[in-house]
Amino acid sequence: MFPWQSGSDGKEETQVVHLNPLSGQWEPDLSHNQRHVNAAIFYNIWHYYEATQDLEFLRDYGAEMMLEIARFWASIPHNPERDRYEIHGVMGPDEFHEKYPGAEEGGLKNNAYTNVMVAWISKTVLEVLDLLPDGRAQALRDRIGIADEEIQAWLEMSRKMFVPFHDDGVISQFEGYEDLEELDWDAYREKYGNIPRLDRILRSEGDNPNRYKLAKQADTVLLFFLFSEQTLREIIDRLGYESTPETARRTIDYYDKRTSHGSTLSFIAHAGVLAAIDPESSMERFLVALESDVGDVQGGTTKEGIHMGVMSGTLDLIQRGYAGSSIRDGVLSFDPRLGERLDGLAFAMQFRGMPIRVTLEGGELTVAADAEGLSRPIKVGVGDEVVELCPRNRQTFALGRSASYEYEPEGKR
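Residues numbered from 1 in each chain as written. Predicted model: local features only at pLDDT ≥ 70, side-chain atom pairs only at ≥ 80, totals over all residues. Heavy atoms only, no water.

(A) Looking closely at the sheet that holds strand β3 (residues 326-328). Taken together, the four strands give an open sheet; going across it, the order is β3-β4-β8-β9, and neighbouring strands pair in mixed fashion. Each having just a single partner strand, β3 and β9 (385-389) make up the two edges of the open sheet. Each strand of the sheet is rotated relative to its neighbour by a mean of 30°, with strand direction disregarded. Where strand β4 (residues 331-334) lies against strand β8 (residues 378-382), four bridges are found, and the strand directions are parallel. Bridged to L332 within β8 is V380. (Pairing = 2+ DSSP bridges. Helix = DSSP H or I, 4+ residues; strand = E, 2+ residues; numbered from the N terminus. Axes fitted to C-alpha atoms, helices over the stretch in contact; angles between N-to-C directions.)

Here you go:
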């Protein structure tokens, strides 16, 4: 289990109290319960391998980390009368909800983001073992003591993690979220103006954010940010739940109206998921994120340093969110969004050792391999058209209408 925050020795150093500058009071801080950091580390290692095919790193370091993270997740679920694996006592990425209203014990049951990530990890870790040479895979299993029973448990968890849903098919942020109270957002905006840190505002009034349907930042929405529509649907279907484009639209729309964006990172995630379904709203969020440090939108944080995660995120939005780059089955695919707004865009990438330059212009996307590249050919594609690209070659794809979530913002229906 990796710590949520740590010092140089890697131990858990997350604060246990938090100063509310609005009230001047020190309040309990339960953010060390954010176990989802383990899922993020696993996700990053896997995508590093997909982008680089660095089997040496996977063999010597990455696989062991991924196996131990999967082992950690297998050590904490319950398997009650639902005949599903459940994870209790955690906090999701939202951070406004630390526990149930009136509860003494910290943590929540079945944060959807955490549970879906665990289902994906439980399946993917089996692929990691298959990627290793037989001798290395067995040696690693022997050294850290992975028995066949653990592998069988991962397989079962990939099919039987519990995911909560609202009655209307929206993915619930956690079990019981649907029963919380609605917040009068207009009243709070009128009273306070800028309300990204609703947690501090509510507590300064003697209230508690745990009571309400709200979020500091992307939580359930992160699932649609990290996974393609096809991949996420496969994960949900494997768990035996129904997932459709309508599930995505309803879930994203639901939380978009209930998120205060208390972290500028949240604008990155929401811009990313809206790119395919509401391009204008996506661009608005992108510009807020781009301006966040320059304009010091949180009123005093820039003097402490820029938010490197947000600044990197704006580049990720261009490359992955708007140009639609993704890796699946060894193919670097593109699915551009925002149409004419991207005309003239060009950027450099590197995929599995091949330096490339991507250009979008005049309704076409061109991928040019670097003239100095000495790597093996790579596969690139747009839609169903996939080609093998060799060093010093280029390929141009005609762009049609992107196959994305169908979306009609509420109020425009």
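From this point, things continue past the structure.
(B) Broad picture of the sheet that holds strand β6 (residues 354-361). Spatially, four strands are ordered β5-β6-β7-β10 in an open sheet, and the strand pairing comes out antiparallel. This sheet does not close on itself; its edge strands, each paired only once, are β5 (345-351) and β10 (394-398). For this sheet, the mean inter-axis angle between neighbouring strands, taken without regard to orientation, is 20°. Both β5 and β6 contribute to a ladder of seven bridges, which runs antiparallel. Paired with Q350 across the strands is P355, a residue of β6.

(C) Spotlight on a nonpolar patch on the surface. Nonpolar side chains collect at one region of the surface, where V16, V17, L19 and W26 lie side by side and expose about 410 Å² of accessible area between them. Note that V16 resides in the segment before β1 (17-20). (Patch = residues over 30% accessible without salt bridge, like charges linked within 9 Å, V, L, I, M, F, W, Y side chains within 5 Å. Areas by Shrake-Rupley, 256 points an atom, 1.4 Å probe, with all protein chains shown as cover. Salt bridge = Lys/Arg side-chain N within 4 Å of Asp/Glu carboxyl O.)

(D) Seen up close, the layout of surface pockets. Looking at the second largest pocket, its volume works out to about 340 Å³. Listing elements by their share of the lining of the second largest pocket, those giving two or more residues are β2 (25-28) and α7 (198-204). Per-element tally for the lining of the second largest pocket: the top contributor is α7, with three residues. Its residues assigned to classes, the lining of the second largest pocket comprises five nonpolar, five polar and nine charged. (1 Å grid on protein atoms, 1.4 Å probe; cavity = no way out; pocket = protein on both sides within 12 Å on 5 of 7 lines; lining within 4 Å. Points joined across faces, edges and corners; volume = space filled by probe spheres on them. Nonpolar A, V, L, I, M, F, W, Y, C, P; charged D, E, K, R; others polar.)

(E) Focus on the nonpolar core. Ranked by size, the top nonpolar core spans 100 residues in total, and within it W73 and F227 carry the most contacts. Looking at this core element by element, the count peaks at 12 residues for helix α3 (residues 112-131). In this view, F227 contacts Y43, M117, W120, L232 and I235; residues no more than four positions away in its chain are not counted. Membership of the second largest hydrophobic core comes to 10 residues, among which are L183, Y188, Y212 and L214. (Core = buried A, V, L, I, M, F, W, Y, C linked by side-chain atoms within 4.5 Å. Buried < 20%, exposed > 50% of the residue type's maximum accessible area, 1.4 Å probe, protein only. Contact = heavy atoms within 4.5 Å.)

(F) Broad picture of the packing of aromatic side chains. By the definition in use, this model includes 16 aromatic pairs. Judged by centre distance (5.5 Å) and plane angle (80°), the rings of F42 and W120 are edge-to-face. Taken together, the positions of F42 in helix α1 (residues 37-52) and W120 in helix α3 put the pair 78 residues apart, joining distant regions of the chain. W120 carries the same exposure label as F42, and that label is buried. Considering the side-chain rings of Y100 and F174, the 5.9 Å spacing of their centres and the 80° angle between planes classify their relative orientation as edge-to-face. You can see Y100 sitting in the loop between α2 (55-74) and α3 and its partner F174 sitting in the loop between α5 (148-160) and α6 (185-192), a full 74 residues away along the chain. Through pairs of rings, three or more aromatic residues link up here, namely Y100, F174, Y177, Y254 and Y255. The side chain of R258 reaches across the aromatic face of Y254, ending 3.8 Å from its centre. Geometry around F225 places R320 over its ring, the cationic atom sitting 4.6 Å from the centre. (Phe/Tyr/Trp six-rings, centres within 6.5 Å; stacked < 30°, edge-to-face > 60°. Lys NZ or Arg CZ within 6 Å of the ring centre and 35° of its normal.)

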